[in-house]
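Results of the structural survey
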Amino acid sequence: PARSATSSDDQTNNSCGNVGTPPAPLRSRGGAEPLPCSFGRLVRAAPSEMDDNSAPRVSREFGRKAVTFTASLCAVTASIWMSNWTTQVSHNLAIRIALWLLKTCTIVYTAITVRGLYVWKRGLRRLVKDPCAKYIALESGRTVEYFTYGSVRDDAAIVVALHGSGTTGKYFNQYWLPEDALKRLNCRVISPSYPGHGGTDMQPNRRIIEWPLTDLIPILEKEKVEEKFFVVGASYGTSHGMSVASALPERVLGLGLVAPYLPETICREAGLWTDADMILRESQLGNPAILLPILGMFFLADWFIGVGIKHGYAEGKEIATRHQDLCNVLIEDAHRSFMRGANGQVFEMLNAETTQTWPDPRKLRIDNIAVRYALDDTIVPPEHGAWLEKNLALEGRKLSVRKDKIGLGHFTWFVDECRKEADIVKTLMENARR
C-alpha cells in the first residue's frame, strides 16, 4: 500500500543539532508479528490489517466510569469530613489519630483523582514545534517528531539512534553520539522520539514490536533512505532496536545495544529480574481508580525530575558528581519528554504490554551486533547483558561485546572515550567492512 504519511517542516536547522520526533505506532490486531519488509520497497500494513489506535483507549464508557467514580469519591469524602467520628469514638488518642489520618488520606486521594480526571480529559497539550526538529503528519492524525544531525555528505552512512526512557530524540542522543565524532566517521543520524515522548503524539497500548512499521518506516521514506542503515539503541532504545532488526533484517547493516534489557518472556524463561513486575497491565490502566490517581500524581513529575535523576539511584549520584554535563543533559531531555503533559508517559511507560513486547533476540537475523553493558548496573541487571552475550554468539556472526565496571553503572558507555569516539557506531562500521 502507498505510504500513509505526509511531511511538514522539512527544513532542518543544523545549528540546533538537528533532533527529531517520530509518530506514535499503530497496533496490529491481536499483537501479531510485524509484516515482512522487502529491501527495495518498504511494505506497510494495509489499513484493514492495523488498528488505528491514535486516540487513547478512553472510550465514552471509560469516560462515564471515570466521572461516576470521581463524583462518588467526592461524595464519600465530603460525608467523611462532615461527620464527627473523632468526637464520637472513645477517648483513646491512638484511635482518634488513626481516624484523622484516614480522613486526611481520603481527601488527598480524592484531590489527586480529581486532578487526574482533568488531566485525562484535557489530553495532550498543544504541540509547539521545535525549530530543530522534523515532523510527519500521519493520515490517522498523529504527529511524529525526529531529528537529524551528523555528516551532510551524500555518501554518509545512515545511523538510526534510539533513545532511552524518559528522554527524547533530541538532547541525550546528541550527547552520547556527538556530531563531531559522527562527521569523522561520515555518518548521518536519524533520531526519533517515541510515542508520548517530546513532540510525538501518544499511542496508548502500543506494541514495541510494531514500532518500526508504524513510526520508523515513514521517517525513512521522508528522508529518502533507500540504502541499508545501522541501528543503535540505548537502554529502552535497545528494545526498539531489536524490533527494527527483526522487522527489517534485509536493511540493517548492524545493531548496537548499549545497556540492554530483555523482554518479559525471556526474563521469565531465564529466571531474570524484569521490570514488568513493577508496572501495570492494560487492564489496570482501564480502571479509573488506578489510572486517574496516577495521572494526577504524574503531573508533578516534571517538577522533581532533577531530584529523581540525581538521587533516585546510585548511578545518578555518580554522574551528578563526576559527569555534570551528562546529568544536565538527562534532566533537560527528561523535562522535554513531558512537554505535552503526563498522559503520554503514563500510557507509554507504565504499561507492561507496551514496554515488554518485542522479538526474541535469539531469532534476530543480523550478522553484525555490538553489545555494551556494565557489571555494576543497578537500573538494568548485568545478567541481561550476559544473557545476550551468550545467546547472540552464533557461528559466522560478528559479535562485539564489551563490559566494564567503573562506578557509573547504567551510564558507563555514554561518557569519556566511548562517547568521544562514538564507540558503538565505530565498531559496527568496522565490522561491516570486514
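Residues numbered from 1 in each chain as written. Predicted model: local features only at pLDDT ≥ 70, side-chain atom pairs only at ≥ 80, totals over all residues. Heavy atoms only, no water.

What follows is about the packing of helix α3 (residues 93-122) against helix α10 (residues 288-298). Running from amino to carboxyl end, α3 crosses α10 at an angle of 85 degrees, the nearest separation of the two axes being 7 Å. The angle between α3 and α10 places the two elements in the roughly perpendicular class. On α10, the residues that touch Tyr109, Ile112, Thr113, Arg115, Gly116, Leu117, Val119 and Trp120 of α3 are Ala289, Leu292, Pro293, Leu295, Gly296 and Met297. Looking at the contact of α3 with α10 residue by residue, the class counts come to 10 nonpolar, 3 polar and 1 charged. (Axes fitted to C-alpha atoms, helices over the stretch in contact; angles between N-to-C directions. Helix = DSSP H or I, 4+ residues; strand = E, 2+ residues; numbered from the N terminus. Parallel < 35°, antiparallel > 145°, perpendicular 65-115°, else oblique. Contact = heavy atoms within 4.5 Å. Nonpolar A, V, L, I, M, F, W, Y, C, P; charged D, E, K, R; others polar.)

One pass over the full model with this rule turns up 10 aromatic pairs. Ring geometry for Tyr194 against Trp211: centres 5.9 Å apart, planes inclined by 85 degrees, an arrangement best described as edge-to-face. In this pair, Tyr194 is assigned in the loop between β7 (187-192) and α6 (211-222) and Trp211 in helix α6, connecting sequence segments 17 residues apart. For the residue pair Tyr194 and Trp211, the accessibility class agrees, reading buried in each case. Ring pairing ties together the aromatic residues Phe172, Trp176, Tyr313, Phe411 and Phe414, which thus form one cluster. Note that Arg419 overlies the ring of Tyr175, its terminal NZ or CZ placed 3.9 Å from the centroid. (Phe/Tyr/Trp six-rings, centres within 6.5 Å; stacked < 30°, edge-to-face > 60°. Buried < 20%, exposed > 50% of the residue type's maximum accessible area, 1.4 Å probe, protein only. Lys NZ or Arg CZ within 6 Å of the ring centre and 35° of its normal.)

Once that is clear, we can look at the pattern of salt bridges. Using the criterion set out here, one finds 19 salt bridges in the structure. Arg336 is the salt-bridge partner of Asp130, the closest N and O atoms lying 3.3 Å from each other. Taken together, the positions of Asp130 in the loop between α3 and β4 (134-138) and Arg336 in helix α13 (residues 324-337) put the pair 206 residues apart, joining distant regions of the chain. The closest approach of N and O atoms between Arg207 and Glu282, which form a salt bridge, is 2.7 Å. One end of the pair, Arg207, is in the loop between β7 and α6; the other, Glu282, is in helix α9 (residues 282-285), and 75 residues separate them in sequence. Because the salt bridges share partners, they merge into one network encompassing Glu264, Arg268, Asp277, Arg281 and Glu353. (Salt bridge = Lys/Arg side-chain N within 4 Å of Asp/Glu carboxyl O.)

On to the layout of surface pockets. Where empty space is left in the structure can be found by rolling a water-sized probe over the atoms. As a volume, the largest pocket reaches approximately 1300 Å³. Around the largest pocket sit 36 residues that line it, and Ser165, Gly166, Tyr313, Met349 and Ile379 are the ones nearest its centre. The set of elements that each furnish at least two residues to the lining of the largest pocket consists of α10, α11 (305-311), α13 and α14 (343-349). Per element, the largest residue contribution to the lining of the largest pocket is 3 residues, and it comes from α11. Considering only residue class, the lining of the largest pocket consists of 24 nonpolar, 11 polar and 1 charged. (1 Å grid on protein atoms, 1.4 Å probe; cavity = no way out; pocket = protein on both sides within 12 Å on 5 of 7 lines; lining within 4 Å. Points joined across faces, edges and corners; volume = space filled by probe spheres on them.)

With that out of the way, let us pick up empty space enclosed by the protein. This model, assessed by the stated rule, comprises 4 cavities of 30 Å³ or more. Here the largest cavity defines a volume of roughly 60 Å³. Along its surface, the largest cavity is lined by Trp176, Leu177, Val258, Arg372, Trp413, Cys418, Arg419, Ala422, Asp423 and Ile424. If you list the elements that add at least two residues to the lining of the largest cavity, you get α17 (416-420) and α18 (423-433). Tallied by class, the residues present in the lining of the largest cavity amount to 7 nonpolar, no polar and 3 charged.

Next up on the list: the confidence of the model for the protein chain. Per-chain confidence: the protein chain averages 85 in pLDDT, with 85% of residues scoring 70 or above. The low-confidence segment residues 1-15, where pLDDT is below 50, has 38 contacts with residues more than four positions distant or belonging to other chains. Taken as a whole, residues 17-58 scores under 50 in pLDDT and shows 163 contacts with residues more than four places along the chain or in a different chain. (pLDDT = per-residue confidence, 0-100.)

Attention now goes to the nonpolar core. If you look at soluble globular proteins, the nonpolar side chains tend to sit buried side by side. Core analysis: the largest hydrophobic core is formed by 43 residues, its most contacted members being Phe229, Val231, Val244 and Leu255. Element by element, the count of residues in this core is highest for α6, at 6 residues. When residues no more than four places from it in sequence are discounted, the contact partners of Phe229 are Ile158, Val160, Leu220, Val244, Leu248, Arg251, Val252, Leu253 and Gly254. Residues Cys327, Ile331, Phe411 and Phe414 belong to the second largest nonpolar core, which totals 40 residues. (Core = buried A, V, L, I, M, F, W, Y, C linked by side-chain atoms within 4.5 Å.)

Together, Trp81, Leu93, Ile97, Trp100, Leu101, Ile107 and Val108 give the surface a local cluster of nonpolar side chains, amounting to about 690 Å² of exposed area. Note that Leu101 resides in helix α3. In this structure Leu101 comes out as partly exposed when scored by relative accessible area, which is 42%. (Patch = residues over 30% accessible without salt bridge, like charges linked within 9 Å, V, L, I, M, F, W, Y side chains within 5 Å. Areas by Shrake-Rupley, 256 points an atom, 1.4 Å probe, with all protein chains shown as cover.)

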